[in-house]
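Structural features, examined
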Amino acid sequence: MWIRLLLLATVFWVGTGFSAPTEGQQLIVSGNPQLIHPQLGAYVEEIVPGAEREYAVEVSNPTEHEITALLYMAEAIPALGGGKDFTLPNDPDLGAAAWFTTPDRTITLRAGETQRFSVKLRFPAAVEPGQYIAVIGVYDNQDQAVEVSDDAQARFVTHIIRKTGLQVVLNYKLDEAKPPQAIPHSITYGQENEKAFLSILLMNEGGSLSKPEMKVLVKKLEEDKPVLQLETHFDSIYAGTVAQHRAELSRALVPGAYVAEVSTTVNGHSVQRVLTFEVEGEEERTRWGAASSGEVVQVAEDGSSLPASWLGEYRLYLYAGLLLLLAIVTWLRKRNDKRRKKEPH
C-alpha cells in the first residue's frame, strides 16, 4: 500500500491560483442509502482478495442548466488541513482506484435530472493489510474562464473546474496493519495579502486513517523565548498520505532562522520532531512574489473557490523534492518488508 505515498505530489495547495466568483453549478453524487455507512457517508466493506464488487451511484443535476461531466474513478487524498479530497481525471491511479474495471464515461444531465450508474471493481489476488480509499468522482469542466486583472501587474486568466464524489472505503486485516500515525514532516513560512502564515505537513505512515492532535512551539534560532504557540487537530489523514495545516498568524515574524518543536498525538501515541524554517526579508519576498498566468482553481462542493497558494514558483521544486523523498521511503519500506518475511519465525 505504500506506493500510494507517490500521490503526495498532487496533495499540496490543491487550490493553487487566484480566487474568482463562480456560479453555483454543481452535480450531486450519492449511493445506495441502505449500504452507505451513516457516519462516513461512504461505501465501507472488507476486502476479499480476488473477488469482484459492483457499486451503485446516482448523479443529480439540481441546477437550471444542462451539465456534461466525466464520471471517473479517483484516489482519495487529504484536503487542505485534512479532510476529504481526491485526484483529477488525468492523475495516475496508484491505489484502490486502479482496482475498478469500469472505464471513465462522459455523462450529460438535463436540468433537474437524476441518472443511475454502476461501477465494477476487482480486488487484487494479494493485498497488504491496511485501509484503501477510492472515490467515484464526477468532474465538471465547463471550460469557463474568469479574468482577474491587477492594475499593478498583469492580467490573469483563471480556469474554473468542479468535482464532487462518493468515497469507497476498503479495509483488509486492519488488526495486522500498522497503527495510524502522524509524523511531522516540514514547516514553511509565507506571506499573502499582508498576512503571515505557517504551513505544517504531517505524514500518516500507518495503515489506516489518522485523526491526530498537534502542538507547535516556535522559537528563534539560538533563543529560548517562544515567539509562537499553537494547538489544533486534523479531521483526517488517509493512510500513506500527507495533510497540511495552514495557520494564520496575528503578526508577521521578523526575518531570520527559526526552530519549531512539532508534537502530534494519535490514539495516545505521541511523536515530536524539531523542524527549522527561514523568514526572508522584504527584498527577497518581493523578488519572488510575481505569479504566472493561466492558473487553475478547484471549486468546493458549494461552488466556492478553495484557498489560493502562496508558494508561487517554489511549489514546483517542492513537488519534485517530496515526490523523490517519498519514492525513496516506499522503496525502503518494501525492502524491509521483504527482509522481515524471509526471517525465520
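Residues numbered from 1 in each chain as written. Predicted model: local features only at pLDDT ≥ 70, side-chain atom pairs only at ≥ 80, totals over all residues. Heavy atoms only, no water.

**Overview of the overall build of the protein chain**
Which entries qualify depends on this criterion: A run of H or I in DSSP becomes a helix once it reaches four residues, and a run of E becomes a strand once it reaches two; helices and strands are each numbered from the N terminus. Whether a residue is buried, partly exposed or exposed follows from its accessible area with a 1.4 Å probe, protein chains only, as a fraction of its type maximum: under 20%, in between, or over 50%, in that order. Should any heavy atoms of two residues lie within 4.5 Å, those residues are considered in contact. Under the convention used here, a 1.4 Å probe and the Shrake-Rupley method define accessible areas, while residue burial counts only the protein chains that appear.
On a plain count of helices and strands, the protein chain comes out with two helices and 17 strands. Burial status across the protein chain gives 46% buried among its 345 residues. Summarising the internal contacts of the protein chain: among those between residues at least 6 apart in sequence, 75% fall at separations of at least 24. Counting only carbon and sulfur atoms, one obtains 50% of the accessible surface of the protein chain, whose full area is about 18,000 Å².

**Focus: the sheet that holds strand E7 (residues 114–122)**
Where we set the bar: Any two strands between which DSSP finds at least two bridges are classified as paired. The axes are straight lines fitted to the C-alpha atoms, using for helices just the contacting stretch, and the angles between their N-to-C directions are given from 0 to 180°.
Ordered by their spatial adjacency, three strands build an open sheet running E1-E3-E7, and the pairing between neighbours is antiparallel. Strands with a single pairing partner mark the edges of an open sheet, and in this sheet they are strand E1 (28–31) and E7. The average angle at which neighbouring strand axes cross in this sheet is 30 degrees, direction not considered. The sheet contact formed by E1 and strand E3 (residues 52–60) spans four bridges and is antiparallel. Along E3, the bridge assignment pairs Ile28 with Ser60.

**Some details on the pattern of salt bridges**
To keep it simple, the criterion reads: Whenever a carboxyl oxygen of Asp or Glu lies within 4 Å of a side-chain nitrogen of Lys or Arg, that contact is scored as a salt bridge.
Summed over the entire model, instances satisfying the criterion amount to seven salt bridges. Where Glu45 meets Arg53, a salt bridge forms, and the shortest distance between an N and an O atom there is 2.9 Å. A salt bridge links Glu52 to Arg122; its shortest N-O distance comes to 2.9 Å. One end of the pair, Glu52, is in strand E3; the other, Arg122, is in strand E7, and 70 residues separate them in sequence.

**Digging into the packing of aromatic side chains**
For any pair of aromatic rings, the description rests on two quantities: the centre-to-centre distance and the angle between the ring planes. Here is the rule: Two rings from Phe, Tyr or Trp (for Trp, the six-membered ring) form a pair when their centres sit within 6.5 Å of each other. Planes less than 30 degrees apart are called stacked, planes more than 60 degrees apart edge-to-face, and all others tilted. Charge over a ring is defined by NZ of Lys or CZ of Arg lying within 6 Å of the ring centre and within 35 degrees of the ring normal.
Overall, the coordinates contain six aromatic pairs when judged by the stated rule. Arranged with centres 5.1 Å apart and planes meeting at 45 degrees, the rings of Trp99 and Tyr132 form a pair that is tilted. Highlighted residues: Trp99 in the loop between strand E5 (84–86) and strand E6 (105–109) and Tyr132 in strand E8 (residues 130–149), separated in sequence by 33 residues. Tyr132 matches Trp99 in its accessibility class, with the two residues each being buried. Through a chain of ring-to-ring contacts, the aromatic side chains of Tyr43, Tyr55 and Phe100 assemble into a single cluster. Between the NZ or CZ atom of Lys163 and the centre of the ring of Phe86, over which it lies, the distance is 4.0 Å.

**Describing the sheet that holds strand E14 (residues 242–248)**
Reading across from one edge, E10-E11-E14 is the order of the three strands in this open sheet, with antiparallel pairing throughout. Every interior strand has two partners, whereas the edge strands, strand E10 (183–192) and E14, have only one. Across the sheet, the mean angle from the axis of one strand to that of its neighbour is 20 degrees, orientation sign disregarded. For strand E11 (residues 195–203) and E14, the ladder comprises seven bridges, and the chain directions are antiparallel. Residue pairing across strands places Ser199 opposite Arg246, the latter belonging to E14.

**Let's talk about the side chain of Gln131**
Selection rule: The term polar contact refers here to a pair of N or O atoms within 3.5 Å; inside protein, the definition further demands a hydrogen-donor-capable atom paired with an acceptor-capable atom, and it admits residues adjacent in sequence only when both atoms are side-chain atoms.
Relative to the assigned elements, Gln131 resides in strand E8. Within the structure, Gln131 has its side chain in polar contact with the backbone nitrogen of Leu209 (distance 2.8 Å).

**So, unusual backbone geometry**
A positive phi angle is found at Lys173, which is not glycine, with a value near 50 degrees. Along the chain, Lys173 falls in the loop between strand E9 (155–172) and E10. Since its relative accessible area comes to 37%, Lys173 is described here as partly exposed. One non-glycine residue, Glu222, adopts positive backbone phi at about 70 degrees. The class of Glu222 is exposed, set by a relative accessible area of 80%.

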